[in-house]
Amino acid sequence: MDIRYARVAFVLSLVACATSAAADEVHVAIASNFTAPAKAIAAEFEKDTGHKVVASFGATGQFYAQIKNGAPFDVFLAADEAAPAKLEAERRIVPGSRFTYATGALALWSAREGYVDGQGAVLRTHGFRHLAVANPRTAPYGSAAMQVLDRLGLKQELAPRIVEGQNISQTQQFVATGNAELGFVARSQIYRDGKVIGGSVWIVPGELHAPIRQDAVVLHRGRDNPAARAFADYLKGPKATALIQSFGYQLQ
Amino acid sequence: MPLTRADFSAIWLTLQLATLTTGLLLLAGTPIAWWLSRTASRLKGVVGAVVALPLVLPPTVLGFYLLVAMGPEGPVGRLTQQLGLGTLPFTFAGLVVGSVFYSLPFVVQPLQNAFEAIGRRPLEAAATLRAGPWDTFRSIVLPLARPGFVTAAVLGFAHTVGEFGVVLMIGGNIPERTRVVSVEIFNHVEALEYAQAHWLAGGMVAFSFVVLLALYTSRRAPMAGF
């Protein structure tokens, strides 16, 4: 064989290897509130299965728009039920692949120690200027927070003091920087290993709002990718569910 | 047209913000640009670089630092609290401060280029005719740098209208106070309300194009600026 052909063959075989390796790669779009647990789960998944996870973190609505327009994701972990349900109705997912991977818990949190009491009575005081809430039109934790205020009969009264974060991460940032004295955040943002990371908190009872279900789907693009199904199954397994709970989410 | 009252109030707020910001920037930017165009100081490079920073920094970086600096623990926040003004995030005034930083280079740089293009001679001629500095500025610099002022005002205005990241970080999405058009577009997209998003986004594209078209076709001669 001519040395030049040998070289071409060698390069081609490299390309072949690369593409066969790519088949074991799963591209996952992940709602930003699930960033920390997703990283932990992905690390375990890679260790246990040898597949590789390529994770993108972002807003659920943006991911929905991107997926509709051909974004290269195999699996989608949304922050709500609505976007996956819409994708299902539009036949952009593997039929029957939609399931709830985590249920979020809401927390009223302040970066200051002793500011928020264990019953949320601080909401009835007039000591604060800003109450941070995620945008209720777009963020599930935001609409849950508004339901809580409604139930407590405080929605009207507190409306002028509400500042909205575009998503739950930004909401937490408003509170963490002290610009808002307190705010409704995801418990998962302020919990590590079952403990609050700092400040003061009221864990809002689940009966004050509709459950914040976060659904996952295997997208059309992932239908022939064994790693995509493996990742979706892994999410339901004991290791992943234990991790999900340790980050302050519930399962149901 | 499927635009709601909230959309129109966002448009109105955006126009107010851009107008106020442009006015303040012309006032503050003119002396800065003048100094930059005349000075031989070693500080020129430093000041020029600081002015140009918003051109290269992601708006979220600027927004994040503004949020921290203007917050209750930040240096600006402490000052405004001592002055009895409270803190600036989540207020219209806060957006104005953010926008002034964000659009600064778009006003200062065209002005600086226009001032530099005037050169020394007209000023020296004015001085030999015993014109005072204010007289010189009014009768020599202003008319000669007029195209630069137009460019600066248009770019400052248009750039503020298009601002998103900074407002997102320090605004808090409050109707009639901090919810500007770009944030409202983002809200619509996130809420999957694509029809309204299209109307607003399309309007933004058309507005920006018309503004820039007017700017570029109004230049008869090659001109200082961008």
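Criteria and cut-off values
- Residues numbered from 1 in each chain as written.
- Chains lettered and ligands numbered in written order.
- Predicted model: local features only at pLDDT ≥ 70, side-chain atom pairs only at ≥ 80, totals over all residues.
- Helix = DSSP H or I, 4+ residues; strand = E, 2+ residues; numbered from the N terminus.
- Buried ≥ 20, exposed ≤ 12 C-beta atoms within 10 Å, placed from the backbone.
- Contact = placed C-beta atoms within 7 Å.
- Nonpolar A, V, L, I, M, F, W, Y, C, P; charged D, E, K, R; others polar.
- Pairing = 2+ DSSP bridges.
- Axes fitted to C-alpha atoms, helices over the stretch in contact; angles between N-to-C directions.
- pLDDT = per-residue confidence, 0-100.
- Core = buried A, V, L, I, M, F, W, Y, C linked by C-beta atoms within 7 Å.
- Domains from an automatic or database assignment.
- Parallel < 35°, antiparallel > 145°, perpendicular 65-115°, else oblique.
- Left-handed = near helix turned anticlockwise from the far one by under 90°.

## Remarks on the overall build of chain B
Helix and strand counts for chain B stand at eleven helices and zero strands. Ordered by position in the sequence, the α and β elements of chain B form the string α-α-α-α-α-α-α-α-α-α-α. Its C-alpha atoms give chain B principal-axis dimensions of about 65 × 45 × 25 Å. Each of the 226 residues in chain B was classed as buried or not, and the buried ones make up 38%. For chain B, long-range pairs separated by at least 24 residues make up 74% of all intrachain contacts whose partners lie at least 6 apart in sequence.

## Points about the overall build of chain A
Scanning chain A from terminus to terminus reveals ten helices and twelve strands. With respect to the principal axes defined by its C-alpha atoms, chain A has extents near 85 × 35 × 30 Å. In chain A, buried positions account for 45% of the 252 residues. Intrachain contacts of chain A at a sequence separation of at least 6 include 79% that bridge at least 24 residues.

## Notes on the interface of chain B and chain A
Taken residue by residue, the interface counts 18 residues in chain B and 14 residues in chain A. Only helix 3 (59-70) and helix 10 (181-190) of chain B provide two or more residues apiece to the side of chain B that touches chain A. With four residues, the single largest contributor to the side of chain B that touches chain A is helix 10 of chain B. Its residues assigned to classes, the side of chain B that touches chain A comprises eleven nonpolar, five polar and two charged.

## Describing the sheet that holds strand 1 (residues 25-31) of chain A
Residue and element names in this part refer to chain A. Taken together, five strands build an open sheet; the order of strands is 2-1-3-12-4 and the sheet is mixed. Because the sheet does not close on itself, it has two edges, and the strands there are strand 2 (52-58) and strand 4 (99-104). Put simply, the sheet's adjacent strands are angled 20° from each other on average, direction ignored.

## Some remarks on the confidence of the model for chain A
Residues and elements named next belong to chain A. Summarising the model, chain A shows a mean pLDDT of 89, and 90% of its residues fall at 70 or more. Looking at the elements of chain A, mean pLDDT is at its lowest for helix 1 (residues 3-22), recorded as 52, and at its highest for strand 3 (residues 75-77), recorded as 97. Ignoring residues within four places in sequence, the model shows residues 15-23, a span with pLDDT below 50, making one contact including any to other chains.

## Observations regarding the nonpolar core
By size, the foremost hydrophobic cluster in this structure holds 76 residues, and its most contacted members are Val75(A), Phe76(A), Leu77(A), Leu106(A), Ala107(A), Tyr141(A) and Phe231(A). By residue number, the principal contributor to this core is helix 9 (residues 226-236) of chain A, which donates six residues. Here this core spans two domains, and each of domain 1 (3-103 + 212-246) and domain 2 (106-203) of chain A adds at least three residues to it. In this structure, Leu77(A) is in contact with Val28(A), Ile30(A), Ala31(A), Phe34(A), Ala38(A), Tyr101(A), Gln214(A) and Ala216(A), ignoring residues within four places of it in sequence. The next biggest cluster of nonpolar side chains, apart from the first, holds 43 residues, and it includes Leu13(B), Ala33(B), Phe106(B) and Ala114(B).

## Details of the packing of helix 3 of chain B against helix 5 (residues 92-118) of chain B
All names here are of chain B. Put simply, helix 3 and helix 5 touch, their axes get as near as 11 Å, and they point 135° apart. Comparing their axes, helix 5 and helix 3 come out oblique. Here helix 3 runs over helix 5; the crossing is right-handed. Contact residues: Pro59, Leu62, Gly63, Leu66 and Met70 in helix 3; Gly94, Gly98, Phe101 and Tyr102 in helix 5. When grouped by side-chain class, the residues that make up the contact of helix 3 with helix 5 number six nonpolar, three polar and no charged.

## Things to note about the sheet that holds strand 6 (residues 131-134) of chain A
All names here are of chain A. With mixed pairing, the five strands of this open sheet are ordered in space as 7-6-8-5-11. On the outer flanks of this sheet lie strand 7 (162-165) and strand 11 (200-203), each paired with one strand and no other. Going across the sheet, the axis of each strand differs from the next one's by a mean of 30°, ignoring polarity. The sheet contact formed by strand 6 and strand 8 (residues 182-186) spans two bridges and is parallel. Looking across to strand 8, one finds that Ala132 is bridged to Gly183. On the sheet, helix 7 (residues 168-176) packs against strand 5 (106-110), strand 6, strand 7 and strand 8 and is oriented at approximately 145° with respect to strand 8.

## Things to note about the domain arrangement of chain A
Residues and elements named next belong to chain A. Looking at chain A, the domain boundaries give domain 1 (3-103 + 212-246) and domain 2 (106-203). Counting residues at the interface gives eight residues for domain 1 and twelve residues for domain 2. Class assignment for the residues of the side of domain 1 that touches domain 2 results in three nonpolar, four polar and one charged.

## Quick look at unusual backbone geometry
All names here are of chain B. Positive phi is not limited to glycine here, since Arg130 has a value of about 60°. Along the chain, Arg130 falls in the loop between helix 6 (121-128) and helix 7 (133-144). Accessibility expressed as a C-beta count within 10 Å gives 7 for Arg130, which makes it exposed. A positive phi angle, near 65°, is found at Glu176, a position not held by glycine.

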